Amino acid sequence: MQIETLKQAGAIYLEQIQEGFDQCDWVEFILDAGEAVDKLSAEWEACGKENAWADFYYFTLPDEAKEKIRESLTEEENRYLKELEAEEDGIIFPLEERLLRLLAKLNETEMLFSTFYFTNPASTWWGNYRKNYVVFREKK
């Protein structure tokens, strides 16, 4: 999925995190991978399974960075990466359970940060350092 398509779906897309702080209501959470999966799953369930996406920059990284990430993953997770690579169309993917778990793990280990987008209602969860997630919502 391309960024324009995501915006057309009603997602809050931020070029830089500072835009979110300036333009949105926001809250911050410190979550390990399991807690992140639980909170993100609850948001996903509330908005409807078809209204959630995640950006995943792995395929744009240099080979040495990709290798470092692959070394931190299980065999099954690496197989999943190959599946994603085969269907890659940009950096934004429809959210699915395996992707959610993989991205929460990569965020927790600070290997790769991702952003989760939900619509109906719109929220954007920006993964960050130290198990940090910043959640942006439209200003009330």
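Below or above, wherever it landed, is the structure these notes cover. These numbers come from a predicted model, not from an experiment. (Residues numbered from 1 in each chain as written. Predicted model: local features only at pLDDT ≥ 70, side-chain atom pairs only at ≥ 80, totals over all residues. Heavy atoms only, no water.)

1. Concerning unusual backbone geometry
Working step 1: Along the chain, Asn120 connects to Pro121 via a cis peptide bond; the corresponding omega equals 0 degrees.
Working step 2: Inspection of the secondary structure assignment puts Pro121 in the loop between strand E4 (115–118) and strand E5 (123–127).
Working step 3: A positive phi angle is found at Asn120, which is not glycine, with a value near 70 degrees.
Working step 4: Following the sequence through the fold, Asn120 ends up in the loop between E4 and E5. (Helix = DSSP H or I, 4+ residues; strand = E, 2+ residues; numbered from the N terminus.)

2. So, the environment of Trp125
Working step 1: Considering the arrangement of structural elements, one finds Trp125 in strand E5.
Working step 2: C-alpha of Trp125 to C-alpha of Glu110: the two residues are 15 residues apart in sequence and 16 Å apart in space.
Working step 3: If sequence neighbours within four positions are ignored, Trp125 has contacts with Phe29, Lys39, Leu40, Glu43, Ser114, Thr115, Phe116, Phe118, Tyr133, Val134, Val135 and Arg137.
Working step 4: Within the local environment of Trp125, its side chain forms a polar contact with the side chain of Ser123, the two groups lying 3.2 Å apart. (Contact = heavy atoms within 4.5 Å. Polar contact = N/O pair within 3.5 Å; in protein donor to acceptor, adjacent residues only side chain to side chain.)

3. Some remarks on the packing of aromatic side chains
Working step 1: By the definition in use, this model includes eleven aromatic pairs.
Working step 2: Arranged with centres 5.1 Å apart and planes meeting at 85 degrees, the rings of Tyr58 and Phe59 form a pair that is edge-to-face. A single burial state applies to Tyr58 and to Phe59, both of which are buried.
Working step 3: Ring centres 6.4 Å apart and planes at 75 degrees place the aromatic pair Phe118 and Trp125 in the edge-to-face group.
Working step 4: On the basis of relative accessible area, Phe118 is assigned to the buried category, the value being 0%.
Working step 5: The exposure class of Trp125 is buried, given its relative accessible area of 3%.
Working step 6: Feature note: the residues Phe56, Tyr58, Phe59 and Phe93 constitute an aromatic cluster, connected by ring pairs. (Phe/Tyr/Trp six-rings, centres within 6.5 Å; stacked < 30°, edge-to-face > 60°. Buried < 20%, exposed > 50% of the residue type's maximum accessible area, 1.4 Å probe, protein only.)

4. As for the pattern of salt bridges
Pairing of side chains with opposite charge becomes possible as their charged atoms draw close.
Working step 1: Within the structure shown, the criterion is met by nine salt bridges.
Working step 2: Residue Lys49 is joined to Glu45 by a salt bridge in which the shortest nitrogen-to-oxygen separation is 3.8 Å.
Working step 3: The partly exposed category is assigned to Lys49, whose relative accessible area is 43%.
Working step 4: Look at Glu45 and you get exposed, because its relative accessible area is 55%.
Working step 5: Among the charged side chains, a salt-bridge network with shared partners connects Glu83, Glu96 and Arg98. (Salt bridge = Lys/Arg side-chain N within 4 Å of Asp/Glu carboxyl O.)

5. What about the pairing of strand E6 (residues 132–138)?
Look at any regular strand and the pattern is simple: side chains alternate between the two faces of the sheet.
Working step 1: With five of its seven residues buried, E6 lies for the most part within the structure.
Working step 2: As paired elements, strand E1 (residues 24–30) and E6 share seven bridges and run antiparallel to each other. Counterpart to Val27 in the pairing with E6 is Val135.
Working step 3: Taken together, the five bridges between E5 and E6 define a ladder with antiparallel strand orientation. Bridging from a neighbouring strand, Trp125 pairs with Val135 of E6.
Working step 4: Hairpin connection from E5 to E6: four residues lie between these consecutive antiparallel strands, with Arg130 at a positive phi of about 55 degrees. (Pairing = 2+ DSSP bridges.)

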